[in-house]
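So you can see what is in the structure, the chains are spelled out below.
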Amino acid sequence: MRVRIKMTRKKIILFIVEGINDKTCLEGVLEKVLESEEVRFQITDGDITTRFDIDEYKIRNEIGKTVKAFKDKYHLKTEHFMEVVHIIDTDGLFLKEDAVHFFETENPIYMDDGIYTKNVDKMNERNKKKAAVVERMLELHTVLKTIPYSVYYFSSNMDHVLYNQANLTPKEKDDLADLFDEEYADKPEEFVRFMRESSFTVRGTYEDTWDFIRLDKNSVKRYSNFGVYLTKQDNSGI
């Protein structure tokens, strides 16, 4: 049995996110914020910017494959899309090596002064690779040749921005995602205000916000430039 999206005059804004909790947090409220278009999500089941088989030379193709998989699943054409918006965690990717500290811990711990891990060399290599991949992503302006593409960040991760807690367990992530959806799904104006007027909000142009997150230890601190995306929608009349 074929599954199809019923197409109307609306075009699709496709959000690429890492996991189901990202979708849980954002889907309901973004459907209302962007109600003039069709909001859809594609989950990558993890951070594609740090996958062992992906580097700065392969990321463009990987993003294309991700969008194509969604397009083919629902039997769509590129003209059905308004844009693709990729949401990533920064995970401290722009930290200098001396901001990665040794600490005997099973999982890395993200703090304002850096990352604490039992494998410092491996973490520094991960950061270097992820930074190269993300820099390449920022050079991409379209995917599948014609669909506008942009990247926005939650630092050090979405939990950090939305709940001010960067080191949650999977169970805590699940519970808080459901609570966030309950709080904001029917309050789009409050969500927009939260993303655009909070202490974590990075203001300026798209390029300005990426310049900011590259500085010092900002990529491990609590910041997001998603408010810039929401401001762009206001200006575009969506």
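Quantities reported herein were computed from a predicted structural model and do not represent experimental measurements.

Visitor: Can you walk me through the overall build of the protein in this structure?
Guide: Looking only at helices and strands, the protein has eight helices and nine strands in total. Computed over C-alpha atoms, the radius of gyration of the protein comes to 18 Å, within 12% of the 18 Å expected from 2.2 N^0.38 for 238 residues, which places it in the range of a compact globule. The dimensions of the protein, computed from C-alpha atoms along their principal axes, are 55 × 40 × 35 Å. Residues classed as buried in the protein amount to 48% of the 238 residues present. In the protein, of all internal contacts separated by at least 6 residues, the share reaching a separation of at least 24 is 72%.

Visitor: So what exactly am I meant to see when it comes to the pairing of strand 3 (residues 81–89) here?
Guide: Each regular strand displays side chains that alternate between the two surfaces of the sheet. Burial within strand 3 is extensive, with eight of its nine residues counted as buried. Here five bridges tie strand 1 (residues 12–17) to strand 3, and the two strands are oriented parallel to one another. Looking at the pairing, F15 lines up with V85 of strand 3. Pairing analysis gives six bridges linking strand 3 to strand 8 (residues 147–155), with the strands arranged parallel. Looking across to strand 8, one finds that H86 is bridged to V151.

Visitor: What exactly am I supposed to notice about the pattern of salt bridges here?
Guide: Two side chains with opposite charge may pair up if their charged atoms get near one another. Under the definition given, this model contains 15 salt bridges. We note a salt bridge from K171 to D175, for which the minimum N-O separation is 2.6 Å. Pair noted here: K171 and D175 are both in helix 5 (residues 170–184), with a separation of four residues, about one helical turn. Judged by relative accessible area, K171 falls into the exposed class, the value being 54%. Three or more residues joined by partner-sharing salt bridges are found here, namely R51, D53, E62 and K65.

Visitor: How should empty space enclosed by the protein be read in this particular structure?
Guide: Think of a ball as big as a water molecule: rolled over the atoms, this probe shows where empty space is left. Inspection of every chain in the model, using the stated rule, returns one cavity of 30 Å³ or more. Each pocket or cavity is described by its volume, and for the largest cavity that value is around 30 Å³. In terms of lining residues, the largest cavity is bounded by E18, T44, G46, D47, I48, T49, H86, I87 and I88. Among the residues making up the lining of the largest cavity, the classes are represented as three nonpolar, four polar and two charged.

Visitor: Sorry if this is basic, but what is going on with the sheet that holds strand 6 (residues 114–117) here?
Guide: Hydrogen bonds between backbone groups are what pair the strands of a sheet, and the pairing can be parallel or antiparallel. Strand order in this open sheet of three strands is 4-6-5, and the pairing throughout is mixed. The sheet is open, and its two edges are formed by strand 4 (100–102) and strand 5 (109–111), each paired on a single side. In this sheet, adjacent strand axes meet at a mean angle of 25 degrees when their direction is disregarded. Of the pairings in the sheet, the one linking strand 4 to strand 6 comprises three bridges and is parallel in character. Paired with V100 across the two strands is I115, which belongs to strand 6. Sheet strands in contact with helix 3 (residues 120–138) are strand 4, strand 5 and strand 6, and its direction is about 165 degrees off that of strand 4.

Visitor: Explain a negative patch on the surface here, please?
Guide: There is a patch of like negative charges on the surface, built from E97, D98, D121 and E125. Considering the arrangement of structural elements, one finds E97 in the loop between strand 3 and strand 4. Classification of E97 by relative accessible area gives exposed; the value is 59%.

Cut-offs used in this document
- Residues numbered from 1 in each chain as written.
- Predicted model: local features only at pLDDT ≥ 70, side-chain atom pairs only at ≥ 80, totals over all residues.
- Heavy atoms only, no water.
- Helix = DSSP H or I, 4+ residues; strand = E, 2+ residues; numbered from the N terminus.
- Rg over C-alpha atoms; globule rule 2.2 N^0.38 Å.
- Buried < 20%, exposed > 50% of the residue type's maximum accessible area, 1.4 Å probe, protein only.
- Contact = heavy atoms within 4.5 Å.
- Pairing = 2+ DSSP bridges.
- Salt bridge = Lys/Arg side-chain N within 4 Å of Asp/Glu carboxyl O.
- 1 Å grid on protein atoms, 1.4 Å probe; cavity = no way out; pocket = protein on both sides within 12 Å on 5 of 7 lines; lining within 4 Å.
- Points joined across faces, edges and corners; volume = space filled by probe spheres on them.
- Nonpolar A, V, L, I, M, F, W, Y, C, P; charged D, E, K, R; others polar.
- Axes fitted to C-alpha atoms, helices over the stretch in contact; angles between N-to-C directions.
- Patch = residues over 30% accessible without salt bridge, like charges linked within 9 Å, V, L, I, M, F, W, Y side chains within 5 Å.
- Areas by Shrake-Rupley, 256 points an atom, 1.4 Å probe, with all protein chains shown as cover.
- Lys, Arg positive; Asp, Glu negative; His and termini not counted.
- Charge placed at Lys NZ, Arg CZ, Asp CG, Glu CD.

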